[in-house]
Amino acid sequence: MKEVNYSKVDNSEKKKKFYVIFMGLFIISIMVFSTIYYGLSDDTQSEVEYQGLKFIESSSGWMTYVNNNEKLVILSNPEDLDSVEFNEVDFDSMKSNSKIYVSFNPYDNSNNALYDLDRSGLLSMQIYVTCYEDNDKCSELPIKTCDDAVQGTGVVVIKLSNETKVSLNNNCLTIEGKDLLKIVDKFIVDQYGERF
């Protein structure tokens, strides 16, 4: 019969326990240091105050809270909006419309501006996407201009132009300029921030 050396078994068991405890402590320390690192890095998150609203940079844009903690996100950095100048417009009269035609030209590269306007919450009524002039990309869309604005039905025209201009006449909002995203974002923030 073979004799078992119990001192070797005890040493092997002790080594296993030591490695298990060591690895556990190592993993725990990595988790603790990661948490501390990420906690410290949140302090450096960009925060900008504009029009009385505090914006924080997020992965989806610049975020703030308005009207009973509703989240508002724009793509433009609020600090850049001061460079955009136009006469302020009060959009409140358009909110009573039951539907709004949003007219644009697909060649104007206004997708981001339209995206921010849509997710801003300003257009809470029935929205119809249209074009303000006929072209090959608008062959499937109706043509709507300010002439189509009537009581209960508004029109928002977003147009590429050399002159920056925002105006509201006869239930038609016109937003035009070279940097449509910044113009639309400033218009949105003006509607929620400290204004007039």
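Cut-offs used in this document
Residues numbered from 1 in each chain as written. Predicted model: local features only at pLDDT ≥ 70, side-chain atom pairs only at ≥ 80, totals over all residues. Heavy atoms only, no water. Disulfide = S-S within 2.5 Å. Helix = DSSP H or I, 4+ residues; strand = E, 2+ residues; numbered from the N terminus. Buried < 20%, exposed > 50% of the residue type's maximum accessible area, 1.4 Å probe, protein only. Contact = heavy atoms within 4.5 Å. Pairing = 2+ DSSP bridges. Axes fitted to C-alpha atoms, helices over the stretch in contact; angles between N-to-C directions.

For the rest of this paragraph, the subject is the state of the cysteines. If you walk through the whole model with that rule in mind, you get two disulfides. Note on cysteine connectivity: Cys131 is disulfide-linked to Cys138, with sulfurs 1.9 Å apart. Here Cys131 and Cys138 share a disulfide; its torsion about the S-S bond, -85°, makes the bridge left-handed. Across the disulfide, Cys146 is cross-linked to Cys172 (sulfur-sulfur distance 1.9 Å).

Okay, the environment of Val102 next. Relative to the elements of secondary structure, Val102 occurs in strand β5 (residues 99-104). Residue classification places Val102 among the buried residues on the basis of a relative accessible area of 7%. Setting aside chain neighbours within four positions, we find Val102 in contact with Leu114, Leu123, Ile127, Tyr128, Val129, Thr130, Val156 and Ile158.

Strand order across the open sheet formed by four strands is β1-β2-β3-β4, with antiparallel pairing between neighbours. At either end of the open sheet lies a strand with only one pairing partner, and these are β1 (47-50) and β4 (70-74). Sheet twist, expressed as the average angle between the axes of neighbouring strands with direction ignored, equals 35°. Its contacts with the sheet put helix α3 (residues 180-192) on β1, β2 (53-58), β3 (61-66) and β4, and the angle it makes with β4 is roughly 155°.

Right, let's talk about the environment of Pro106 for a bit. Assignment of secondary structure puts Pro106 in the loop between β5 and α2 (111-119). Here Pro106 falls in the partly exposed class, since its relative accessible area comes to 23%. If near-sequence neighbours (up to four positions away) are discounted, Pro106 is found in contact with Cys131, Asn135, Lys137 and Cys138.

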